[in-house]
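# Observations on the three-dimensional arrangement
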Amino acid sequence: MAASFGRGAMTNHWIDIQHADVILIIGSNAAENHPISFKWVQRARDKGGKLISVDPRFTRTSSLADLYAPIRPGTDIAFINGIINYALQNDLIQKEYVVKYTNAAYLIDPAFSFNDGIFSGYNFAERKYDKKTWKYQLDADGIPLKDESLQNPQCVYQLLKKFMSRYTPEKVSAVTGCPVDTFLKVAELYTSTHKPDRVATIMYAMGATQHTIGVQNIRAYGILQMLMGNMGMAGGGINALRGESNVQGSTDHGLLWHILPGYLDAPKVFGPKKDTDLKAWMANNTPTTKDSMSVNWLQNKPKYMINLLKAWFGDNATKENDFGFDWLPKASKPHAHVHIYEELYAGSKIEGMILMGTNPVVGGPNAMKEARSLEKLNWLVCADLWETETSVFWKRPGANPKAIKTEVFLLPMASSVEKEGSVSNSGRWAQWRYKAQNPPGEAITDLEFIDRLFRSVRKLYEDDVKAGKKVANPDPILKAYWNFTPEDHHEPDPHMVAKEINGFEWEKNFEHGDQIENFTKLTDDGKTACGCWIYSGSYNEDGNNMARRSKKDKTKMGMYHQWAWAWPMNRRIIYNRASVNMKGEPWNPKKPVIWWDGDEWKGDVPDGPAPAGKKLPFIMIPEGVARLFAPTLNDGPFPEHYEAVESVTRNVFNSQQYNPAVSLLPGTAGEYGTTARFPYIGTSYRVTEHWQAGAMTRNLPWLDELVPDMFCEISPSLAAKKGIKHGDKVIISSQRGSIETYALVTDRVQPLKVNGQMVEMVGMVWHFGYAGHASGSTCNFLTPHCGDPNTFIPEYKVFLVDIRKA
Amino acid sequence: MPITRRDLFKLSGVTAAGTFLGGVTFLTGCKSTDKLRGAKESTTICPFCGVGCSIIVSSRDGKVINAEGDPDHPINEGALCSKGMSLYQIAVNPVKRRLDKVYYRKPFAEEWETLSWDDAIKMITQRVKETRDRTFVEKENGITVNRCDGLAGFGGAALDNEECYVWSKCARLLGITRLEHQARL
């Protein structure tokens with residue numbers, strides 16, 4: 001998403017789905033996993049909208065769909081590229097939008113090429129691309145050359161058309177297993193939204209991302225939406241459905257190795273661009289443009305970084321010391337989840353781990369390996385509401401506690417109704433919630449634990465420094481600004497944190513209300529401090545905007561600008577400048593998002609304040625337009641189909657079997673299987689009645705009664721072949737391990753004809769583990785430690801298994 | 001104005017409404033709608049998926065006694081799924097599985113023991129500091145990196161924004177670069 005449009009978030013919001021004429025749900029079973037979203041899907045259908053469900057299984061979502069297309073797990077790119085090809089061959093695109101608001105007209109370097117699954121610049125030995133030929137041709141002023149007639153063979157449109165021409169309906173059908181006529185019905189319905197007054201939205205979730213081609217799956221969705229002119233529109237956009245109540249917020253606040261709060265790049269000292277100091281960080285991470293039509297909002301990154309440093313180091317952050325930039329830790333290699341567990345397993349310097357409400361022994365890939373990795377730790381802290389599988393990894397079935405050295409602290413935490421604070425939903429709405437009771441017994445809030453931990457560590461360093469003892473550099477801790485507890489309180493106050501996130505004038509005392517209005521008021525001279533710039537405006541002079549509950553809706557489009565607060569700037573649909581033409585008139589006047597009335601913008605908060613026609617709409621991309629051709633990713637500017645690392649078939653689109661930019665980690669050698677022993681596709685999914693790794697639902701009797709144990713789903717044909725009856729116990733195995741569970745034999749799963757052969761699938765519900773009120777086998781004991789070459793999200797959704805009657 | 005479920009609760013004294021629904025009891029699981037009389041109401045956002053449904057939580061004497069969909073909320077309009085409906089059992093867990101004290105497992109031990117918070121914080125703090133002092137890298141190839149290679153942090157997708165922010169800040173100040181959470185999975 002970020003590679004195509006500039007931001008990685010859901011573009012629209014739940015209520016807006018009602019405005020769609022066509023809804024494509026792919027890589028998501030929203031009816032099951034985001035049940036209330038279906039209120040708005042159904043609202044769209046009530047108004048004549050059509051729902052398309054593309055899924056390997058006939059799901060609860062499929063059962064409500066107007067069109068259901070089965071595809072083999074891991075073949076989204078083939079399927080979507082097929083629709084893109086259908087649109088390009090039949091000229092079913094919104095041409096004015098495509099020419100003006102995407103890089104379709106931009107000319108690409110003649111040295112760029114694509115041949116048999118490989119883009120130019122590939123290094124076969126390192127399995128890596130040098131991206132230097134993936135670039136625009138520039139004029140003398142450094143501005144990309146364009147051909148708005150789209151005829152030049154080097155323009156993105158022509159390169160895309162040629163690239164996609166291989167994705168014919170017949171070939172798409174052979175690879176995905178979807179019958180040609182079903183595919184054509186989907187393509188025809190979907191491309192009907194290329195007209196300005198028709199719009200489609202895409203809803204996706206982990207079924208799209210959990211692949212070694214996960215990012216390129218989303219790229220394919222993005223390209224399709226660009227060609228249809230659906231981005232920025234009411235009822236349009238691409239909606240990434242978040243599976244946790246605050247996984248949007250936790251990402252916004254930088255709980256990933258590569259980002260700091262507000263998506264500022266975490267400093268790193270590897271690769272060609274090393275963030276040796278603040279100046280280098282700014283040069284390495286701030287996009288530039290010479291095009292005066294482009295807003296290039298991220299040119300403000302240096303300012304946002306200075307404000308973060310000011311919020312973190314206070315008076316100790318000065319211009320002279322780079323605002324304390326040196327005190328930020330700098331990574332010397334990538335640290336994605338799988339990398340850390342592989343490092344730990346192999347033997348590393350990692351001694352201690354702190355887990356805040358997370359359960360990798362159920363939720364991590366190759367989860368038994370992750371459990372074994374924990375044995376290498378000296379100490380482990382688990383802060384949770386429940387005893388989780390991870391917290392008792394030392395007494396898991398088959399383990400000998402007497403041989404496991406790890407000290408474990410299991411800390412009791414408050415639940416969501418036992419504290420106050422905000423969470424951000426999928427549609428970027430930050431909503432405040434209140435405390436209804438005290439936590440049980442000695443449980444405390446996560447905020448209080450983190451605050452106590454930091455202040456206690458700081459006290460030890462203060463004491464040691466005073467005593468003249470030799471310690472590791474204490475400055476990042478001792479120079480920190482850490483002020484979350486009001487003078488008359490014993491416990492940290494979430495309102496004080498929210499104010500620091502919003503930002504305030506440093507010289508004044510922010511406890512007394514000198515909040516800044518929003519991030520446009522931040523300065524780069526140290527006079528303002530702001531912990532997370534994208535949330536600036538959430539808690540300002542108007543008060544706590546996240547707690548608002550007014551249902552006034554001046555737009556009459558269900559935007560509810562006075563209900564809670566949405567980042568950025570309370571904007572409800574991002575990229576909404578693309579919903580109007582260069583004159584500021586809505587492409588679809590019946591469902592306007594914004595419009596220019598001659599003096600100012602009306603409707604939603606515009607994505608960039610410039611008057612109509614003065615600036616390009618995609619303000620987070622340096623070119624100002626959305627990228628059909630995306631030069632930033634590690635595995636190519638266009639999405640190409642590759643098979644999963646473990647696949648039941650060979651890749652017929654090119655001679656690369658799996659993504660050529662994927663390098664399997666050395667520590668995983670011997671952990672991959674083949675069809676000789678594991679002939680079936682394994683995949684995983686969730687049910688309404690349980691949540692993620694299960695601790696939050698498997699301890700609730702109402703839900704346990706509904707779904708008491710793990711199960712797998714298989715087709716009647718596979719069941720017959722294997723002599724398995726409905727309800728039988730079965731053993732499912734992969735190269736990583738084997739589990740025992742119950743078989744649910746159902747017509748919802750059907751074999752698919754792929755490259756001339758029938759292939760079968762074993763679908764597994766993954767919420768279960770050995771701890772908790774309801775326990776069951778863990779699907780993730782079977783999944784592999786490989787991931788996407790851009791994000792390293794693991795390939796949970798396609799792996800090889802065998803199944804037999806227990 | 002259509003009648004919402006909430007209006008029906010308010011009307012519950014009226015025979016017609018009771019008859020119409022076959023008794024409100026069926027919908028709420030309450031023995032009597034009197035249950036909520038005088039209770040304190042607060043709103044919360046569902047802790048499960050990312051839709052962000054609002055739930056009205058009722059409490060009396062500081063204890064949660066009921067949780068139900070918030071009819072005023074523009075997204076869920078009072079509706080909840082089976083998980084959201086079960087929020088009540090997190091607050092009042094009938095199988096007593098909520099943690100209410102600190103548990104500690106010594107090296108090579110076969111069972112938990114309990115600790116006071118003061119002892120737990122003291123012990124964890126010492127371990128964090130010792131690990132940091134042992135594994136801290138201040139400079140690498142001449143570049144100031146101020147990184148602690150011995151500590152890793154995970155999690156946070158179920159935490160509040162304010163907690164995530166403070167966790168993110170705390171981890172980086174300790175020198176942690178190995179910080180990851182559910183968004184990577």
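Conventions we followed
- Every chain is numbered independently, its residues counted from 1 as its sequence is written.
- As they are written, the chains are lettered A onward and the ligands numbered 1 onward, keeping that order.
- Two thresholds apply to this predicted model, a pLDDT of at least 70 for residue-level local features and 80 or more for giving and counting side-chain atom pairs, whereas whole-chain, interface and lining totals are computed over all residues.
- Only DSSP runs of H or I with at least four residues qualify as helices, and only runs of E with at least two residues qualify as strands; both kinds are numbered from the N terminus onward.
- Computation of the radius of gyration draws on C-alpha atoms, with the globule rule given as 2.2 Å multiplied by the number of residues to the power 0.38.
- The burial criterion counts other C-beta atoms lying within 10 Å of a residue's C-beta, which is placed from the backbone; the residue is buried at 20 or more, exposed at 12 or fewer, and partly exposed between these limits.
- The contact criterion used is a C-beta to C-beta distance within 7 Å, with each C-beta placed from the backbone.
- Those domain boundaries reflect an automatic or database domain assignment.
- Here the nonpolar group is Ala, Val, Leu, Ile, Met, Phe, Trp, Tyr, Cys and Pro; Asp, Glu, Lys and Arg are the charged ones; every other residue, Gly included, is treated as polar.
- Axes here refer to lines fitted to C-alpha atoms; in helices the fit is confined to the stretch in contact. Angles between the N-to-C directions go from 0 to 180 degrees.
- The scheme is simple: roughly parallel for angles under 35 degrees, roughly antiparallel for over 145, roughly perpendicular for 65 to 115, oblique for anything else.
- By definition, turning the near helix anticlockwise from the far helix through less than a right angle yields a left-handed crossing, and turning it clockwise yields a right-handed one.
- Here, strands pair whenever DSSP counts at least two bridges between them.
- One confidence number per residue, pLDDT, is output by the predictor and ranges from 0 to 100.
- Directions pointing from the helix axis toward each C-beta atom define the arc.

## Some thoughts on the overall build of chain A
Secondary structure summary: chain A contains 22 helices and 31 strands in total. A compact globule built from 806 residues should have a C-alpha radius of gyration of about 28 Å, and chain A, at 26 Å, falls within 12% of that. If you line up chain A on its principal axes, its C-alpha atoms span 75 × 75 × 55 Å. Of all 806 residues assigned to chain A, the portion counted as buried reaches 61%.

## Comments concerning the overall build of chain B
Assigned secondary structure in chain B consists of 7 helices and 8 strands. Taking all 185 residues of chain B together, 48% fall into the buried category. Considering only contacts within chain B whose residues lie at least 6 apart along the sequence, 34% involve residues at least 24 apart.

## Quick word on the domain arrangement of chain A
Residues and elements named next belong to chain A. Under the domain assignment used here, chain A contains domain 1 (2-243) and domain 2 (666-805). The centre of domain 1, based on its C-alpha atoms, is set 28 Å off from the matching centre of domain 2. With 22 residues of domain 1 at the interface, the matching set in domain 2 holds 29 residues. Counting only elements with at least two residues in the side of domain 1 that touches domain 2, the list comes to helix H2 (30-33), helix H8 (169-176), helix H10 (206-209) and helix H11 (214-228). Looking at the side of domain 1 that touches domain 2 residue by residue, the classes come out as 8 nonpolar, 11 polar and 3 charged.

## What to know about the packing of helix H18 (residues 446-466) of chain A against helix H7 (residues 161-174) of chain B
H7 of chain B packs onto H18 of chain A with a crossing angle of 20° between their chain directions and a minimal axis gap of 9 Å. Classified by the angle between their axes, H18 of chain A and H7 of chain B sit roughly parallel to one another. Judged by the sense of rotation from one axis to the other, the crossing of H18 of chain A with H7 of chain B is left-handed. Judged by residue contacts, Asp 446, Leu 447, Ile 450, Asp 451, Leu 453, Phe 454 and Val 457 of chain A of H18 of chain A engage Glu 162, Glu 163, Val 166, Trp 167, Cys 170 and Leu 174 of chain B from H7 of chain B. The residue makeup of the contact of H18 of chain A with H7 of chain B, split by class, is 9 nonpolar, no polar and 4 charged.

## Description of the packing of helix H20 (residues 494-502) of chain A against H7 of chain B
Here H20 of chain A crosses H7 of chain B at 70°, and the two axes come no closer than 9 Å. Classified by the interaxial angle, the pair formed by H20 of chain A and H7 of chain B is roughly perpendicular. Crossing geometry of H20 of chain A relative to H7 of chain B is assigned as left-handed. Residues Pro 494, Val 497, Ala 498 and Ile 501 of chain A of H20 of chain A form the contact with H7 of chain B, whose participating residues are Glu 162, Tyr 165 and Val 166 of chain B. A breakdown of the residues in the contact of H20 of chain A with H7 of chain B according to their chemical character gives 6 nonpolar, no polar and 1 charged.

## Quick look at the environment of Arg 134 of chain B
Residues and elements named next belong to chain B. Mapping Arg 134 onto the fold places it in helix H6 (residues 117-135). By the C-beta count within 10 Å, which is 14 here, Arg 134 ends up partly exposed. Along the chain, Arg 134 and Gly 150 lie 16 residues apart, while their C-alpha atoms are 7.8 Å from each other.

## Some thoughts on the interface of chain B and chain A
The interface is formed by 103 residues belonging to chain B together with 133 residues belonging to chain A. When the residues that make up the side of chain B that touches chain A are grouped by side-chain class, the tally is 50 nonpolar, 27 polar and 26 charged. Across 4 bridges, the pairing between strand S12 (residues 352-356) of chain A and strand S7 (residues 143-154) of chain B is parallel. If you follow Met 353 of chain A over to S7 of chain B, its bridge partner there is Ala 152 of chain B.

## Re the sheet that holds strand S15 (residues 421-424) of chain A
All names here are of chain A. Read from one edge to the other, the open sheet built from 3 strands follows the order S15-S16-S21, with strand pairing classed as antiparallel. The open sheet has two edge strands, S15 and strand S21 (565-566), and neither has a second partner. As paired elements, strand S16 (residues 429-433) and S21 share 2 bridges and run antiparallel to each other. If you follow Ala 430 over to S21, its bridge partner there is Trp 565.

## Comments concerning the confidence of the model for chain B
All names here are of chain B. Residues at a pLDDT of 70 or more form 82% of chain B, whose mean pLDDT is 88. Across residues 1-27, where pLDDT falls below 50, the model places 24 contacts with residues more than four positions away in sequence or in other chains. Quick note on the complex model: pTM equals 0.96, ipTM equals 0.98.

## So, helix H7 (residues 156-164) of chain A
Residues and elements named next belong to chain A. Every buried residue of H7 is listed here: Val 156, Tyr 157, Leu 159, Leu 160, Phe 163 and Met 164. Across the axial projection of H7, the buried residues extend over an arc of 165°, all falling on one side. Looking at the buried side of H7, the elements it contacts are helix H5 (76-89) and strand S4 (114-115).

## Considerations on the sheet that holds strand S1 (residues 40-45) of chain B
All names here are of chain B. With antiparallel pairing, 3 strands are arranged side by side in an open sheet as S1-S2-S3. The strands lining the two open edges of the sheet, one partner per strand, are S1 and strand S3 (63-69). Averaged over all adjacent pairs, the angle separating strand axes in this sheet is 30°, with direction ignored.

## Looking at the environment of Gln 735 of chain A
All names here are of chain A. Looking at the secondary structure, you find Gln 735 in the loop between strand S26 (729-734) and strand S27 (737-745). Classification of Gln 735 as partly exposed rests on a count of 19 C-beta atoms within 10 Å. In this structure, the C-alpha to C-alpha distance between Gln 735 and Glu 689, residues 46 residues apart in sequence, is 30 Å. In this structure Gln 735 touches Glu 671, Tyr 672, Gly 673 and Phe 678, once residues within four positions along its chain are discounted.

## Some points on the environment of Ser 63 of chain A
In this structure, Ser 63 of chain A sits in helix H4 (residues 60-63). Each C-alpha atom, one on Ser 63 of chain A and one on Pro 716 of chain A, is 19 Å from the other, the two residues being 653 residues apart in sequence.

## As for helix H3 (residues 37-46) of chain A
Residue and element names in this part refer to chain A. Along H3, the residues classified as buried are Ser 37, Phe 38, Trp 40, Val 41 and Ala 44. Seen end-on, H3 carries its buried residues on one side only, within an arc spanning 160°. Buried positions along H3 lie against strand S1 (22-26), H2 and strand S2 (50-54). The positive-phi residue at the C-terminal boundary of H3 is Gly 48, with phi of around 105°.

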